[in-house]
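# Structural features, examined
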Amino acid sequence: MVQIGNFHIGTADTAIKSTLTVSEAYVLWENLIGRYQLQELLQLMENYVHDQEFAYLIKQHFNGVLAKQINILEKQFDYFRMPLPKRPSKSVEFEANSGTIKDHYLFRRLFTNVQEFLSICSISVKSTIINDELREMFVKMLMEKIEIFDDLCKYGKVKGWFQVPPFFPQQ
C-alpha cells in the first residue's frame, strides 16, 4: 500500500487514520460551539419575531443549514474521538409578546452574528492545513454561510432594516 498524507492506494484496513493537528481540533471545537450558540440565539429570536417572512427565514432557512452543519461537525467529533461540548437545549420557547423588541433590532443582531461567523469560518479554512477532507468540509460550510449572508443582505435591504450611511455626491 502507498499512502501520502490522508490519501492512500491499496486496501482500507492498512490505511492510517486521518491525522488531526491541535489547531484543527481547536477549529472543530470553535465551529461546533459557535453553531450551538447561533442555534440557541435563533431559537430565542423565534419567540420575539413578529414579521412572518423573517420568522420563516430564521426557522426554515437558517436553522435548516445550521442543524445540518452541526450534525456534520458532531460526526467529525465522533470520528476523531473528541469529547463533544455541552449541547444547548433542543428548543427555547416562551411567550414574548411585549412588543418592546422590534424585528429590525433582531435582524441587525442576527446580521452581526452572521458577519462574525463568516470570520470564524474563513479562519477555519485557513487553519486546516494538514487534513484535506476537513478543509474541504470547512470550505463547503463557508460557502453556505456566504449564501446565508447574501440572503440576509438582500432581505435587509428589502425591509429597510439596515443603518444606511449617507451617500456622498460624485464630483
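Residues numbered from 1 in each chain as written. Predicted model: local features only at pLDDT ≥ 70, side-chain atom pairs only at ≥ 80, totals over all residues. Heavy atoms only, no water.

### Notes on empty space enclosed by the protein
- In this structure the tally under the stated criterion is 1 cavity of 30 Å³ or more.
- Empty space within the largest cavity amounts to approximately 40 Å³.
- Lining the largest cavity are Leu38, Leu42, Phe62, Leu66, Leu110, Val114, Lys145 and Ile148.
- Considering only residue class, the lining of the largest cavity consists of 7 nonpolar, no polar and 1 charged. (1 Å grid on protein atoms, 1.4 Å probe; cavity = no way out; pocket = protein on both sides within 12 Å on 5 of 7 lines; lining within 4 Å. Points joined across faces, edges and corners; volume = space filled by probe spheres on them. Nonpolar A, V, L, I, M, F, W, Y, C, P; charged D, E, K, R; others polar.)

### Considering the pattern of salt bridges
- Following the criterion strictly, the structure yields 6 salt bridges and no others.
- Lys159 is the salt-bridge partner of Glu53, the closest N and O atoms lying 3.2 Å from each other. Placement of Glu53 in helix 2 (residues 52-79) and of Lys159 in helix 4 (residues 132-159) is noted, with a sequence separation of 106 residues between them.
- Overall, Lys159 belongs to the partly exposed group, its relative accessible area being 27%. (Salt bridge = Lys/Arg side-chain N within 4 Å of Asp/Glu carboxyl O. Helix = DSSP H or I, 4+ residues; strand = E, 2+ residues; numbered from the N terminus. Buried < 20%, exposed > 50% of the residue type's maximum accessible area, 1.4 Å probe, protein only.)

### Topic: the packing of aromatic side chains
- If you walk through the whole model with that rule in mind, you get 12 aromatic pairs.
- Site record: aromatic cluster; members linked through ring pairs are Phe54, Phe107, Phe111, Phe149, Tyr155, Trp161 and Phe162. (Phe/Tyr/Trp six-rings, centres within 6.5 Å; stacked < 30°, edge-to-face > 60°.)

### Regarding the nonpolar core
- Leu28, Phe54, Leu110, Phe138 and Leu152 are the most contacted members of the largest nonpolar core, which has 38 residues in total.
- When residues of this core are traced back to their parent elements, those giving at least two are helix 1 (22-46), helix 2, helix 3 (103-127) and helix 4.
- What Phe54 contacts, discounting residues up to four positions off in sequence, is Val49, Asp103, Leu106, Phe107, Leu110, Tyr155 and Trp161. (Core = buried A, V, L, I, M, F, W, Y, C linked by side-chain atoms within 4.5 Å. Contact = heavy atoms within 4.5 Å.)

### Remarks on the layout of surface pockets
- Considering only enclosed or pocket space, the second largest pocket measures out at about 160 Å³ in volume.
- If you trace the second largest pocket, you find it lined by Glu30, Ile33, Gly34, Gln37, Leu38, Asn113, Glu116, Phe117 and Ile120.
- Among the elements of the structure, helix 1 and helix 3 are those that each provide at least two residues to the lining of the second largest pocket.
- Ranked by the residues each element gives to the lining of the second largest pocket, the list is headed by helix 1, at 5 residues.
- Looking at the lining of the second largest pocket residue by residue, the classes come out as 4 nonpolar, 3 polar and 2 charged.

### Some points on the packing of helix 1 against helix 3
- As a packed pair, helix 1 and helix 3 sit with axes 10 Å apart at the nearest point and diverge in direction by 165 degrees. As the angle between them shows, helix 1 and helix 3 are arranged roughly antiparallel. Relative to helix 3, the crossing made by helix 1 is left-handed. From helix 1, Ser23, Glu24, Val27, Asn31, Gly34, Arg35, Leu38, Leu41, Leu42 and Met45 reach across to helix 3, where they touch Leu106, Arg109, Leu110, Asn113, Phe117, Ile120, Cys121, Ser124 and Ser127.
- Class assignment for the residues of the contact of helix 1 with helix 3 results in 10 nonpolar, 6 polar and 3 charged. (Axes fitted to C-alpha atoms, helices over the stretch in contact; angles between N-to-C directions. Parallel < 35°, antiparallel > 145°, perpendicular 65-115°, else oblique. Left-handed = near helix turned anticlockwise from the far one by under 90°.)

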